[in-house]
Amino acid sequence: MRVICTISEIREIIREWKKEGFSVGFVPTMGYLHEGHKSLIEKASSENQRVVVSTFVNPTQFGANEDLNKYPRDLERDTNLCEKAGAHIMFVPSADEMYPTTPLTFVNVNILTEGLCGEKRPGHFQGVCSVVTKLFNIITPNRAYFGEKDAQQLAVIRQMVKDLNMDVKIIGCPIIRENDGLAKSSRNTYLSDEERKAALILNKSLKHANELLLEGEKNTEKIIESIKSFIISEPLAKIDYVQIVDSETLKSVDKIEKPVLIAIAVFIGKTRLIDNFTWSN
Ligand code: PAF
């Protein structure tokens, strides 16, 4: 596996691969890789002849008060994981390589970005869509792999690809969890031991919602209130949002009739964690 830092070099390699007729799978990440990323890379490697993983902490998707500067980084660890999972190239551009001049062009997806994380993190999805478009233009993958933990991101990227006729197939991959149920995330590393225990409240509250749904509860307000009281029973937890939305339009629903996404964002101390599941009856 090779680590490539420049756009010109990776383009050259990909041109050669395409000449040979190789299919290219792409896993965009912000590094500090974990089992969730590993599962994406392994899937990409099982479905494509060549696999590129990018690790780039994209500044344009972080808000002013967010964790850009302390976002965890460990290139050596990432390189080992990528190699073991079957990647051929790690693309690790610098911020200057990706943004040599202040960009004047952005990609925005409307409506789908209005609620959930889009509402709480203004500008976030513009940053994500713009950098993913740039990465797609650089790598020109046949398939690109995204985790379902960022369910809104996945829906937004699918829409962007459809609306802009991008020639890439988007593959969503299931959430990977720790043995105790906490969804894997690079941000879990911020948690102290006490916070790590408290963070279990995210998955527990979703399990609780699942039970209500299994019992036949259809009223979303009741389910949301019940999830909220579950979360606030944990003293270290502070709710950012609890929402139940149509799984396709991402619009809030009052009654559960079609498949829905039950999505939560919770601060555990200063660390903001997200989790979700999709319910269809
Ligand atoms: O999901 C992420 O890690 C990022 O949002 C992505 C897709 C790599 C864009 O920076």
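Predicted model, so just to flag it, every value in this text is computed and none were measured.

Thoughts on the environment of Gln61
In step 1: Tracing the backbone through its elements, the reader meets Gln61 in the loop between β3 (50–55) and α3 (75–85).
In step 2: For Gln61, a relative accessible area of 9% puts it in the buried group.
In step 3: With 55 residues separating them in the primary sequence, Gln61 and Thr6 have C-alpha atoms 21 Å apart.

Quick word on helix α1 (residues 7–19)
In step 1: Here α1 spans 18 Å end to end across 13 residues, near enough to the 18 Å set by a 1.5 Å rise per residue.
In step 2: Of the positions making up α1, those classed as buried are Ile7, Ile10, Ile13, Ile14 and Trp17. Each buried residue of α1 lies within a common arc of 130 degrees when the element is viewed along its axis, so the set occupies one face. Counted as exposed and oriented over 90 degrees from the buried face of α1: Ser8 and Lys19.
In step 3: Directly after α1, the chain includes Gly21, whose backbone phi takes a positive value near 85 degrees.

Observations concerning the pairing of strand β2 (residues 24–29)
In step 1: Among the 6 residues that make up β2, 6 are buried, leaving the element largely enclosed by the rest of the structure.
In step 2: Here β2 shows a buried face lined by Val24, Phe26 and Pro28 and a second buried face lined by Gly25, Val27 and Thr29.
In step 3: Note: β2 against β3, 6 bridges, orientation parallel. Looking across to β3, one finds that Thr29 is bridged to Thr55.
In step 4: Note that the unit made of β2, helix α2 (residues 35–47) and β3 has a crossover that is right-handed.

So, the UniProt feature "binding site: (R)-pantoate" (unreviewed entry) in the chain
In step 1: Residues annotated by UniProt as "binding site: (R)-pantoate" (unreviewed entry) correspond here to Gln61 and Gln153. The largest pairwise C-alpha distance within this set of annotated residues, which runs over 93 residues, is 11.7 Å, so the set is compact in three dimensions.
In step 2: Not counting chain neighbours up to four residues away, the residues in contact with Gln153 comprise Phe125, Val128 and Phe146.

Observations regarding a nonpolar patch on the surface
In step 1: On the surface, a nonpolar cluster with roughly 220 Å² of combined accessible area is contributed by Met1, Val3 and Leu75.
In step 2: With respect to the helices and strands, Val3 occurs in strand β1 (residues 2–4).

Cut-off values and rules
Every residue gets a number counted from 1 within its own chain, in the order that chain's sequence is written. Restriction of local features to residues with pLDDT of at least 70 applies here, the model being predicted, together with a cutoff of 80 or more for giving and counting side-chain atom pairs; totals for whole chains, interfaces and linings are based on all residues. Water and hydrogen atoms play no part in the side-chain values, which are based on all heavy atoms of the structure. For the purposes of this entry, the term helix denotes a DSSP run of H or I that reaches at least four residues, the term strand denotes a run of E that reaches at least two, and both are numbered from the N terminus. When a residue's accessible area, from a 1.4 Å probe over protein chains only, is under 20% of the maximum for its type it is buried; when over 50% it is exposed; and in between it is partly exposed. One fewer than the residue count of a helix, multiplied by 1.5 Å, yields its expected span. Think of it as the arc spanned by the lines of direction from the helix axis to the C-beta atoms. Paired strands, in this sense, are two strands between which DSSP finds at least two bridges. When the strands point away from the viewer, a crossover counts as right-handed if the path from the first strand over the helix to the second runs clockwise. UniProt positions are given in the numbering used here, feature names are shortened, and annotations may be inferred rather than shown by experiment. By definition, residues are in contact when any of their heavy atoms lie within 4.5 Å. Patch building starts from residues that exceed 30% relative accessible area and form no salt bridge, then joins like charges within 9 Å and nonpolar side chains (Val, Leu, Ile, Met, Phe, Trp, Tyr) within 5 Å. The Shrake-Rupley method, run with a 1.4 Å probe, gives the accessible areas here. Residue values count only the displayed protein chains as cover. A pairing counts as a salt bridge when a side-chain nitrogen of Lys or Arg comes within 4 Å of a carboxyl oxygen of Asp or Glu.

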